[in-house]
Amino acid sequence: MTIEELAEQTIRAGTAWNDTMKNRFQTYAILLNQWNQKMNLTAVDQPEEVYEKHFLDCILPLKTEFPGKRVCDVGSGAGFPGLVFAIADPSLEVTLVEPTGKRCRFLEAVCSELSLDNVTVVNARAEDYAEDHRESFDVVTARAVASLPVLSELCIPLVRKNGIFLAMKAEKGMAEAEEGAFAVKALGCRLSDVMKESLPDGSVRINLVYAKEKNTPPQYPRPYAKIKKKPLGL
């Protein structure tokens, strides 16, 4: 996919496009390729592939109506989807929560190079970050981090009541939704929308939108070792 094709697809998805976005996405793709030579950020690092498999993939969920501007990306990795959200919609206040220090350095370098003043990078585990930032975000999202029963316990405690948890999944998204149904309900959410999209190469993306109807019980999130060993409902 060329940058021009990304622009066309972005506009088709209902997101505005301008020269600043174009320059930022091009630079982001270059930085991703450069940094990927010295650390493992992504298996896909050629700009033409990055435009489609990372950038467009992360732009599609912006079709969802966010209930506010405060967004948290859990396990941000190379910045997907949080950095893409911040570039595509500069009005968002995006917090990237990433436990690996070297990935945080990459995220900070990108923010500096792109002059993104609407992004905060936090080097922390989500379950630890929730101790002081519980239920403080309008939107909490994650992409390619963990199975839904695990992911929900890492993310939902950070979502404010009446906010949303956006889980970005691939073609097995509905199966994960069933697997995680107990956990999601126990943590205070319900499935409110399913966004099924296809990238130009035909790969399927299923974005699950959960509405937070109740406050998360205070015993969650548990320490990660317990979450992983015994996911809720499994």
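As a reminder, the structure under discussion sits directly above these lines.
The model shown is predicted, which means the values in this text are computed figures rather than measured ones.

Student: Got a minute to help me understand the nonpolar core in this structure?
Tutor: Among soluble globular proteins, nonpolar side chains are generally buried collectively. Core analysis: the biggest nonpolar cluster contains 49 residues, and Leu-6, Phe-25, Tyr-28, Phe-55, Leu-83 and Phe-106 have the highest contact counts within it. Mapped onto this core, the elements with two or more residues apiece are helix 1 (3–12), helix 2 (19–36), helix 3 (47–59), helix 4 (82–88), strand 2 (93–98), helix 5 (101–114) and strand 5 (159–169). Here the element with the most residues in this core is helix 2; it accounts for 7 residues. Excluding residues within four positions of it along the chain, Tyr-28 makes contact with Phe-55, Ala-78, Gly-79, Phe-80, Leu-83, Val-84, Ile-87, Phe-106, Val-110 and Leu-114. In terms of nonpolar packing, the next biggest core, distinct from the first, is built from 33 residues, Val-122, Val-150, Leu-158 and Ala-167 among them.

Student: What am I meant to see in the environment of Glu-48 here?
Tutor: By the secondary structure assignment, Glu-48 is in helix 3. Assessed through its relative accessible area of 46%, Glu-48 is described here as partly exposed. For the pair Glu-48 and Val-140, spaced 92 residues apart in sequence, the C-alpha to C-alpha distance is 28 Å.

Student: Mind showing me how you'd approach the pattern of salt bridges here?
Tutor: Pairing between side chains of opposite charge can happen when their charged atoms approach one another. What the rule picks out here adds up to 11 salt bridges. Notably, a salt bridge pairs Lys-63 with Glu-197, separated by 3.2 Å at the nearest N-O pair. Within this pair, whereas Lys-63 is found in the loop between helix 3 and strand 1 (70–74), its partner Glu-197 is found in strand 6 (residues 189–198), the two being separated by 134 residues in sequence. Classification of Glu-197 by relative accessible area gives buried; the value is 13%. The salt bridge involving Arg-190 is made with Glu-213; its shortest N-O contact spans 2.4 Å.

Student: Teacher, can you tell me more about the pairing of strand 4 (residues 137–143) here?
Tutor: If a strand is regular, its side chains alternate between the two faces of the sheet. Counting buried residues in strand 4 gives 7 out of 7 residues, a clear majority hidden from the surface. Two strands pair when backbone bridges link them, and strand 1 and strand 4 are joined in this way by 3 bridges, in the parallel orientation. In the sheet register, Cys-72 faces strand 4, and the bridge partner there is Val-140. The pairing of strand 4 with strand 5 spans 6 bridges and is parallel. Bridging from a neighbouring strand, Ala-142 pairs with Ala-167 of strand 5. This β-α-β element, strand 4 to helix 7 (residues 148–155) to strand 5, shows right-handed connectivity.

The rules behind these values
- Residues numbered from 1 in each chain as written.
- Predicted model: local features only at pLDDT ≥ 70, side-chain atom pairs only at ≥ 80, totals over all residues.
- Heavy atoms only, no water.
- Core = buried A, V, L, I, M, F, W, Y, C linked by side-chain atoms within 4.5 Å.
- Buried < 20%, exposed > 50% of the residue type's maximum accessible area, 1.4 Å probe, protein only.
- Helix = DSSP H or I, 4+ residues; strand = E, 2+ residues; numbered from the N terminus.
- Contact = heavy atoms within 4.5 Å.
- Salt bridge = Lys/Arg side-chain N within 4 Å of Asp/Glu carboxyl O.
- Pairing = 2+ DSSP bridges.
- Right-handed = clockwise from strand over helix to strand, strands pointing away.

Nothing here speaks to function; it is geometry throughout.
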